Amino acid sequence: LADLSDVKEHFLFIVLILSHRSSDRADARAGWNNITFWNSRNVSTRVFYVVGREQEEHQREDVIEVDLVECRCNLRHKVQAGFQYIRERYSFDYILKTDIDVFNDYKAWTDAILRYNNRKTDISDHNGGRKQKSCENKNY
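Criteria and cut-off values
- For every chain, the first residue of its written sequence is number 1, and the numbers climb from 1 along that sequence.
- For a predicted model such as this one, the threshold for reporting local features is a pLDDT of at least 70, and the threshold for listing and counting side-chain atom pairs is 80 or more; totals across whole chains, interfaces and linings nevertheless cover every residue.
- Side-chain metrics in this entry use all non-hydrogen atoms of the structure; hydrogen atoms and water are not considered.
- The way it works is that DSSP assigns letters per residue, a run of H or I at least four long becomes a helix, a run of E at least two long becomes a strand, and they are numbered from the N terminus.
- Note on classification: 1.4 Å probe, protein chains only; a residue is buried when its accessible area is under 20% of the maximum for its type, exposed when over 50%, partly exposed between these limits.
- In this description, contact between two residues means that some pair of their heavy atoms is separated by no more than 4.5 Å.
- Reported accessibility uses the Shrake-Rupley method at a 1.4 Å probe radius. Residues are deemed covered only where the shown protein chains occlude them.
- Two strands qualify as a pair provided DSSP detects at least 2 bridges between them.
- Comment: axis = line fitted to C-alpha atoms, over the contacting stretch for helices; angle = value between 0 and 180 degrees taken between N-to-C directions.
- Helix span, expected: 1.5 Å multiplied by one less than the number of residues in the helix.
- This arc is built from the directions going out from the helix axis to the C-beta atoms.

1. Focus on the overall build of the protein chain
Alright, step 1. A tally of helices and strands in the protein chain yields 4 helices and 4 strands.
Alright, step 2. When the helices and strands of the protein chain are listed from N to C terminus, the series reads β-α-α-β-β-α-β-α.
Alright, step 3. Taking all 140 residues of the protein chain together, the buried fraction comes to 34%.
Alright, step 4. In the protein chain, the share of contacts with a sequence separation of at least 24, taken over all contacts with a separation of at least 6, comes to 63%.
Alright, step 5. Carbon and sulfur atoms provide 49% of the accessible area of the protein chain, an area that totals close to 9,400 Å².

Next comes the structure, spelled out in structure tokens:
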């Protein structure tokens, strides 16, 4: 039998959000990032907030706490730590890195990706009628 401990949970979308204020995360969870919204999209999605150490929400399952002081100089390191955390634990087709203060039209974004996924499986290229290769997260 195969060892299932190495099997990663798969998502079509993973959203990685840089955030340092718990009030911003609470607002996002009450608004666009609530389970009702993502369930209504019928798309396997997981949202994570990347925060520096000493944040009060380190027990929440949607928070990735990294061992860095919250400061502008550590932004690159927070992104790298977030990507590493996700890559080690999950498989996915698409990932979006954004900030908590950026407006993203997630409905339009998911609709566009789903349309692209449906179209790429139906379109043949001009090289012998072969199908387009699917996108895979080989080098994230």
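Here the narrative resumes, following the displayed structure.
2. With respect to the sheet that holds strand β3 (residues 63–65)
Alright, step 1. Taken in spatial order, the 4 strands line up as β3-β2-β1-β4 in an open sheet, and their pairing is parallel. Where the open sheet ends on each side, the last strands, each with one partner, are β3 and β4 (90–99). Taken pair by pair, the neighbouring strands of this sheet meet at an average axis angle of 30°, ignoring direction.
Alright, step 2. Docked against the sheet, helix α3 (residues 75–89) engages β1 (9–18), β2 (45–51), β3 and β4, running at close to 160° with respect to β4.

3. Regarding α3
Alright, step 1. Between its first and last C-alpha atoms α3 spans 22 Å; for 15 residues at 1.5 Å apiece the expected length is 21 Å, and the two agree.
Alright, step 2. Every buried residue belonging to α3 is among K78, V79, G82 and I86, and all of these are buried. End-on view of α3: buried residues confined to an arc of 100°, all on one side of the axis. α3 presents R76 and R87 as exposed residues on the side facing more than 90 degrees away from its buried surface.
Alright, step 3. Buried residues belonging to α3 abut β1, β2, β3 and β4.

4. Comments concerning helix α1 (residues 22–30)
Because an α-helix packs 3.6 residues into every turn, residues spaced three or four apart end up facing the same way.
Alright, step 1. All buried positions along α1 are accounted for by D24, R25, A28 and R29. Relative to the axis of α1, the buried residues are bounded by an arc of 135° and lie together on one face. For α1, the exposed residues set more than 90 degrees away from the buried face come down to D27 and A30.

That's the geometry; what it means functionally is another story.
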